[in-house]
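# Observations on chain architecture
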Amino acid sequence: VDVKKLELKSIDTHGNDVVCNLMDDWFDTEILLEERLNIILLQPRMYLFTPLTDKFVILLDRTTDGVFVITHPDVLISGTVVAGSFFCERKTILQEMIRSKETELAKLALIGTILHEIFQQAMVSNKFDLSALEEASRKIPTDINFLEMFSLLELTAADVLENINKHLPNFSKFGEKFMRQQPNGKVDIPWKGETGRTESYVAVTDVLDIEESIWSPSYGLKGKIDASIAVKIHKKNINKDQSDSIQEFKIPFELKSGKMAYAK
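Residues numbered from 1 in each chain as written. Predicted model: local features only at pLDDT ≥ 70, side-chain atom pairs only at ≥ 80, totals over all residues. Heavy atoms only, no water.

Inspection of the entire model under this criterion finds three salt bridges. The salt bridge partner of Arg62 is Asp24, with a shortest N-O separation of 3.6 Å. Taken together, the residues Arg62 in the loop between strand S5 (55–60) and strand S6 (67–71) and Asp24 in the loop between strand S2 (18–23) and strand S3 (37–41) connect sequence positions 38 residues apart. Look at Arg62 and you get exposed, because its relative accessible area is 63%. The class for Asp24 is partly exposed, based on a relative accessible area of 23%. For Lys186, the salt bridge goes to Glu199, with nearest N and O atoms at 3.3 Å. In this pair, Lys186 is assigned in strand S8 (residues 185–187) and Glu199 in strand S9 (residues 198–216), connecting sequence segments 13 residues apart. (Salt bridge = Lys/Arg side-chain N within 4 Å of Asp/Glu carboxyl O. Helix = DSSP H or I, 4+ residues; strand = E, 2+ residues; numbered from the N terminus. Buried < 20%, exposed > 50% of the residue type's maximum accessible area, 1.4 Å probe, protein only.)

This is the structure:
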């Protein structure tokens, strides 16, 4: 079996040297001499200590689970770029090399950005009634942030409003269902070990921030969160063998207005 042996300096919290053996699929990981990398073990006891060499040993093969090997963790890239690479590793590079504004894809991306803007405004003001949403949409064609793109893509105000307004009823339904102080909207939450035993009801009780920036040098990731929200979850026990519970969390909220394109 081919093994790639990495000698790592001071990678763990105790400052010990580490030997990492990459086998099977891990063997093809591209790592050069003196490169910086980060190995994250979701289970801390996934390594062995060898007294003879005074080093920790990590063995990664096809049976290993719960491990991340991040090369160049100090170079932060967006989570969207990482997710896109799962379907096509060339996608991000090609998008940077070939930028065409006069495409249906660019138009859809612009509509998605506008929908994000309207939804975020509604979350902050907690105004999800249809009349308030339509009023916000009518301001978009005169918004200086979007005028240039309208011109480049040859879009008229009528085109934009037609595409936007068909989504507003769903926004309104979301607000009525979830933007309240007590849980009302039913959501499928896979609680560990409780599949089929509980029903979950959710309320968004507060909007803490919009477009909050996040950085993770450990994982080499950066990004923006559409909204950081406080939620209250009522976990209702169907079988009545346990009492119901209400829990409060602060969580990220992501609005998706399109479909992921899969590489063929």
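Now, onward.
Right, let's get into the environment of Leu152. With respect to the helices, strands and loops of the structure, Leu152 is situated in helix H5 (residues 144–152). Leu152 sits 45 residues away from Lys107 along the chain, and the two C-alpha atoms are 10.0 Å apart.

The next subject is the packing of aromatic side chains. Aromatic ring pairs are defined here through the distance separating the ring centres and the angle between the ring planes. Under the counting rule described, the total for this entry stands at nine aromatic pairs. An angle of 50° between the planes, with centres 6.1 Å apart, marks the rings of Phe128 and Phe174 as tilted. With Phe128 in the loop between helix H3 (104–125) and helix H4 (130–138) and Phe174 in helix H7 (residues 168–178), this residue pair connects regions lying 46 residues apart in the sequence. Of the two residues, Phe128 and Phe174, both sit in the buried class. Taking 5.7 Å as the distance between ring centres and 55° as the angle between the ring planes, the aromatic pair formed by Phe174 and Phe253 counts as tilted. (Phe/Tyr/Trp six-rings, centres within 6.5 Å; stacked < 30°, edge-to-face > 60°.)

Between H4 and H7, whose axes approach to 9 Å, the crossing angle comes to 135°. Overall, the two elements H4 and H7 adopt an arrangement that is oblique. In terms of crossing hand, the pair formed by H4 and H7 is right-handed. Where H4 abuts H7, its residues Leu130, Leu133, Glu134 and Ser137 lie against Leu168, Pro169, Phe171 and Ser172. By residue class, the composition of the contact of H4 with H7 is five nonpolar, two polar and one charged. (Axes fitted to C-alpha atoms, helices over the stretch in contact; angles between N-to-C directions. Parallel < 35°, antiparallel > 145°, perpendicular 65-115°, else oblique. Left-handed = near helix turned anticlockwise from the far one by under 90°. Contact = heavy atoms within 4.5 Å. Nonpolar A, V, L, I, M, F, W, Y, C, P; charged D, E, K, R; others polar.)

What follows deals with H4. Taken together, the buried positions of H4 are Leu133, Ala136 and Ser137. For H4, the angular spread of buried residues about the axis comes to 100°, placing them on one side. (Arc of directions from axis to C-beta.)

Bringing the nonpolar core into the picture now. Counting residues in hydrophobic clusters, the biggest one holds 34 residues, and the most contacted among them are Ile114 and Met123. Sorting elements by how many residues they give to this core places H3 first, with nine residues. Among residues more than four places away in sequence, those in contact with Met123 are Phe128, Met179, Val204, Val207, Ala227, Ile229 and Phe253. Counting residues in each nonpolar core, the second largest holds 15 residues, with Leu6, Trp26, Ile58 and Val69 among its members. (Core = buried A, V, L, I, M, F, W, Y, C linked by side-chain atoms within 4.5 Å.)

With that settled, consider a nonpolar patch on the surface. A cluster of nonpolar residues, Leu42, Phe68 and Tyr219, forms a patch on the protein surface that exposes about 290 Å² of accessible area. Looking at where Leu42 falls in the secondary structure, it is placed in the loop between S3 and strand S4 (48–50). Given the relative accessible area of 51%, Leu42 is considered exposed. (Patch = residues over 30% accessible without salt bridge, like charges linked within 9 Å, V, L, I, M, F, W, Y side chains within 5 Å. Areas by Shrake-Rupley, 256 points an atom, 1.4 Å probe, with all protein chains shown as cover.)

Looking now at H5. Near the N-terminus of H5, the side chain that reaches the backbone nitrogen of Asn145, with its oxygen 2.8 Å away, is that of Asp143. Looking one or two residues beyond H5, the residue adopting positive phi is Glu154, at roughly 55°. (Polar contact = N/O pair within 3.5 Å; in protein donor to acceptor, adjacent residues only side chain to side chain.)

A separate point is the pairing of S9. As paired strands, S8 and S9 are joined by three bridges and run antiparallel to one another. The partner of Val187 across the bridge, within S9, is Ser200. Two strands pair when backbone bridges link them, and S9 and strand S10 (residues 221–237) are joined in this way by 16 bridges, in the antiparallel orientation. Counterpart to Val207 in the pairing with S10 is Ile229. Adjacent in sequence and paired antiparallel, S9 and S10 are bridged by four residues, among which Gly220 carries a positive phi angle near 70°. (Pairing = 2+ DSSP bridges.)

Look at His72: it is not a glycine, yet its phi comes out positive at around 50°. If you trace the backbone, His72 turns up in the loop between S6 and strand S7 (77–78). His72 sits in the partly exposed class, given a relative accessible area of 38%. Positive phi values are uncommon outside glycine, yet Asn126 reaches one of about 55°.

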